[in-house]
Amino acid sequence: MSSPSKRREMDVMKLMMSDYNVETINDGLNEFNVKFHGPKESLYEGGVWKIRVELPDAYPFKSPSIGFVNKIFHPNVDELSGSVCLDVINQSWSPMFDLLNIFEVFLPQLLLYPNPSDPLNGDAASLMMKDRKQYDQKVKEYCERYAKKEDITKSTADNESDDDDDITDEETGSSDDEIAGHVDP
């Protein structure tokens, strides 16, 4: 069997070569964001989320850490941290699974079949069990407010364009004529 680092490289490359937009963090393969679209024919259809993935050194023998970066209203996703409560990732992970399984099977299944009896978001679970129509409306409201393609692209573009902004010398209070620091006599 191949080493964990080779497997990590292979799994990340497989994900990059599929239809998923993968954005590495710190130029490594241990942390990255993946653009994830809500499953068709679900309340989440049309929503786009940035999913943060962190691979432990022991991956694939140890499960990855998965979290939603932008907000989602779901009983099994913590609204503040974006952490996901999913048995197959948290408890029954196997090296037989790979990153594509997470994005093509596990996350779509999570969104299609929420489990309000094992919640990370108690408000979502309670609303789902008490008033399904109001729950459905709130899910759609969150999708509309927090999960549009522009939201993902904008947050990424904002981070990248911070260095590209044209700021004049007058705005920064500096110029090339000034000397940085003082010369010792």
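Just so it is clear, the model here is predicted, and its values are computed rather than measured.

### Some points on unusual backbone geometry
Stage number 1. Looking along the chain, the bond that leaves Y59 and enters P60 is cis, with omega of 10°.
Stage number 2. Its location among the elements puts P60 in the loop between β3 (48-54) and β4 (65-68).
Stage number 3. For N26, which is not glycine, the phi torsion reads 60° and is therefore positive.
Stage number 4. Within the secondary structure, N26 sits in the loop between β1 (22-24) and β2 (31-37).
Stage number 5. With a relative accessible area of 68%, N26 lands in the exposed category.
Stage number 6. The backbone of E41 sits at a positive phi, close to 60°, despite the residue not being glycine.

### Observations concerning helix α3 (residues 99-112)
Stage number 1. Taking 1.5 Å of rise per residue, the 14 residues of α3 would be expected to cover 20 Å, and the 19 Å separating its terminal C-alpha atoms lies within 8% of that figure.
Stage number 2. By the largest-angle criterion, F106 marks the main kink of α3, which is about 30°, and a proline, P108, follows within four residues.
Stage number 3. Turning to α3, its buried residues are L99, L100, I102, F103, F106, L107, P108, L110 and L111.
Stage number 4. Capping the start of α3, D98 holds a side-chain oxygen 3.1 Å from the backbone nitrogen of L100, two or three residues further along.

### As for the pattern of salt bridges
Stage number 1. According to the stated counting rule, one finds seven salt bridges in the structure shown.
Stage number 2. R145 is paired through a salt bridge with E141; the nearest N and O atoms lie 3.6 Å apart. Of this pair, R145 and E141 both sit in helix α5 (residues 132-146), four residues apart, which is roughly one turn of that helix.
Stage number 3. The partly exposed category is assigned to E141, whose relative accessible area is 35%.

### Concerning the packing of aromatic side chains
The description of an aromatic ring pair rests on the distance of the ring centres and on the angle between the ring planes.
Stage number 1. As enumerated under the stated definition, the model contains 10 aromatic pairs in all.
Stage number 2. Here the aromatic rings of W49 and F68 are separated by 6.2 Å at their centres, their planes lie at 85°, and the arrangement is edge-to-face. Pair noted here: W49 is in strand β3 and F68 is in strand β4, with a separation of 19 residues, a long-range link. Note on accessibility: W49 and F68 belong to one class, buried.
Stage number 3. Ring geometry for Y59 versus W93: centroids 6.2 Å apart, planes at 40°, classification tilted. Taken together, the positions of Y59 in the loop between β3 and β4 and W93 in the loop between α2 (87-90) and α3 put the pair 34 residues apart, joining distant regions of the chain.

What counts, and where the lines are drawn
- Residues numbered from 1 in each chain as written.
- Predicted model: local features only at pLDDT ≥ 70, side-chain atom pairs only at ≥ 80, totals over all residues.
- Heavy atoms only, no water.
- Helix = DSSP H or I, 4+ residues; strand = E, 2+ residues; numbered from the N terminus.
- Buried < 20%, exposed > 50% of the residue type's maximum accessible area, 1.4 Å probe, protein only.
- Expected span 1.5 Å × (residues − 1).
- Bend = angle between axes of the 7 residues up to and from the residue.
- Polar contact = N/O pair within 3.5 Å; in protein donor to acceptor, adjacent residues only side chain to side chain.
- Salt bridge = Lys/Arg side-chain N within 4 Å of Asp/Glu carboxyl O.
- Phe/Tyr/Trp six-rings, centres within 6.5 Å; stacked < 30°, edge-to-face > 60°.

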